[in-house]
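Read off the chains here:
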Amino acid sequence: MLVVSGQPICLPCAEKRAGEAKSAGHNLEFARLIDPTICGLCKTDYGSSELPVIGGMPACSNCAKGLYERPYPGWLKLAMAGLLLLLAGSLWRGVPYFKAGRHLVLAERAMDQGDYKTASVHFDEVLKVSPTEQKVLLMGAKANLMIGNVGGAAKFMERRETYPSSDLFTEVNDLGNRAVDAYKKATEAEKLYKAHDEEGAARLLRQASNEYPQSENFAAAALNLEISVAFNHKDYDSFLRLSQALLDRYPSDPNVVGGVASALACKYAATGDPSYRKQAEEMLEKARLLALGSPEQKAHFEEYAERINYRLQSRVIIDKPEYDRRFRQEAKR
Amino acid sequence: MFFIPGFVISIATFPGVILHETAHLFFCKINKLAVFDVCYFRIGNPAGYVVHETTNNFTKAFMVGMGPFFVNSFFCVVFCSAAFMPAWELEVRDPLAYFFYWLGLSIGMHAFPSTQDLKEIWRMMPGEAKKFNPLAIISYPIVGIVFVLNLARVVWADLGYGIAIGILAPLAIFHSLV
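Keep in mind the model is a prediction, meaning the values are calculated, not measured.

Student: How would you explain the layout of surface pockets if you had to name every residue and give the values?
Tutor: In this model, the largest pocket occupies a volume close to 1,200 Å³. Surrounding the largest pocket, 43 residues form its lining, Asn45, Pro46, Ala47, Ser114 and Arg153 of chain B being those nearest its centre. Contributing elements (two or more residues each) for the lining of the largest pocket: helix 1 (6–12), helix 2 (14–30), strand 2 (49–52), helix 3 (58–89) and helix 5 (115–130) of chain B. Of the residues assigned to the lining of the largest pocket, the class counts are 20 nonpolar, 16 polar and 7 charged. Taken as a whole, the second largest pocket spans an internal volume of roughly 810 Å³. Taken together, 31 residues line the second largest pocket, and the ones lying closest to its centre are Asn224, Ile227, Ser228, Phe239 and Gly259 of chain A. Of all the elements in the fold, those that place two or more residues in the lining of the second largest pocket are helix 8 (167–194), helix 9 (198–211), helix 10 (216–232), helix 11 (236–249), helix 12 (254–271) and helix 14 (295–314) of chain A.

Student: Explain a nonpolar patch on the surface residue by residue, including any values.
Tutor: A contiguous nonpolar surface patch, about 390 Å² in accessible area, is contributed by Leu86 of chain A together with Phe14, Leu96, Phe99 and Trp102 of chain B. Looking at which element gives the most residues to the nonpolar patch, the answer is helix 4 (residues 95–109) of chain B, with 3 residues.

Student: Please provide a residue-by-residue account of the sheet that holds strand 2 (residues 7–9) of chain A, values included.
Tutor: To summarise the sheet geometry, strands pair through backbone hydrogen bonds and adopt either a parallel or an antiparallel arrangement. All names here are of chain A. Strand order in the open sheet formed by 3 strands is 2-1-3, and the pairing between neighbours is antiparallel. Every interior strand has two partners, whereas the edge strands, strand 2 and strand 3 (31–32), have only one. Across 2 bridges, the pairing between strand 1 (residues 2–4) and strand 3 is antiparallel. Residue pairing for strand 3: Leu2 is matched across the bridge by Arg32. Strands strand 1 and strand 2 of the sheet are contacted by helix 1 (residues 11–23), whose axis makes an angle of about 105° with strand 2.

Parameters at a glance
Residues numbered from 1 in each chain as written. Chains lettered and ligands numbered in written order. Predicted model: local features only at pLDDT ≥ 70, side-chain atom pairs only at ≥ 80, totals over all residues. Heavy atoms only, no water. 1 Å grid on protein atoms, 1.4 Å probe; cavity = no way out; pocket = protein on both sides within 12 Å on 5 of 7 lines; lining within 4 Å. Points joined across faces, edges and corners; volume = space filled by probe spheres on them. Helix = DSSP H or I, 4+ residues; strand = E, 2+ residues; numbered from the N terminus. Nonpolar A, V, L, I, M, F, W, Y, C, P; charged D, E, K, R; others polar. Patch = residues over 30% accessible without salt bridge, like charges linked within 9 Å, V, L, I, M, F, W, Y side chains within 5 Å. Areas by Shrake-Rupley, 256 points an atom, 1.4 Å probe, with all protein chains shown as cover. Salt bridge = Lys/Arg side-chain N within 4 Å of Asp/Glu carboxyl O. Pairing = 2+ DSSP bridges. Contact = heavy atoms within 4.5 Å. Axes fitted to C-alpha atoms, helices over the stretch in contact; angles between N-to-C directions.

This is the structure:
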């Protein structure tokens, strides 16, 4: 039963009157006739007892309890438990990615500061999760190229087959091409060195170093060869200057410090200026102290210190093969 | 702008619908409001619903109406957080990460309360604000924005919201933590 304008009306009559009203251009508002003594849910008649109305509907206490304590269905509980487990699993599984992400952020910050060495260390950690994102790979490659690690850069570049063009790609590609070209020159230099053409090898290595100045190895190798050439040409001024340039790069390398001592000893032998001798002895002592940390370094120091001391005492400049021929062959016998 | 029928979107993103209705039910239960009917998911419009007792208590109405918005948003951010690093930042070819992204975005897409839920809050808000109810005052901009976004569903505002909180929020959280 329904009610309209305070009058009860059955459903068929209500539908008829609603249709008539609609044709006349107005709406009638019907409401359900509610008996407050009959539960709207279980339809139980409670006689003269009026039931509390919940949401416009009389409800007995049994049904009301169901309305307020509607249970979650079993499948939903299972799904929610599954969802939470999935969530925990996904977060646990994401730990390596979070770590990689952290390294990525730190690498980007280091790149912004121009600290490519630190950046490359962080990018190596990012590489562990096999990323394929172009910017990440290009930045990782750039960081490695900027510290002269072409092999490290290749590991990043190999992660993708194609790279859509971008400013970063152009930059990394140019840098990579220069590095590859420099490596080709270095390989040629090695061949010349093996053929005892030290001058040619030094020239090619210097070109390689100029082309790819980010490579510490090329610069150091070029300097070492130039030092050797200067010694062979008895150009002791260049020998000293180049040795000091190498020392600027590797101030705590005992061999490099020993090299400066050797150059100073040559200058003393050639000029007789005692200030060179004093400086050579100071550098030799510095090299000795630096070599104490490693047995190999110590043995190496003892070998060249003997020759430098001979040079300082005799003012005779001879190379290692000649020294060995004169003094060490005897000792071996 | 391309048109995809609503039921297709609902099917594709059904976890979000179920979580939305579950959140409605949860907030009805904790606010002691009678629940007459619940549909967690169906192929139709609406894709899910909870028929519950109305209330004149603004806090309860707010919690029931806006609760799913916060719950779905939270789960969207958490699931996407687990997936955004491999799927978005690193582009790791990991199917599970893409699954989590789908789950997170599905949940985020259904964060918006229905117009009916908002109307209840909207109806009570001016009166409550006049009584200096802090929640009503704070709710004004939130409900206003959500109301507009809800209307903008026709231009994929719900997907936009899911993507925004599923990508930007984890990104912002991550960068602020490192």
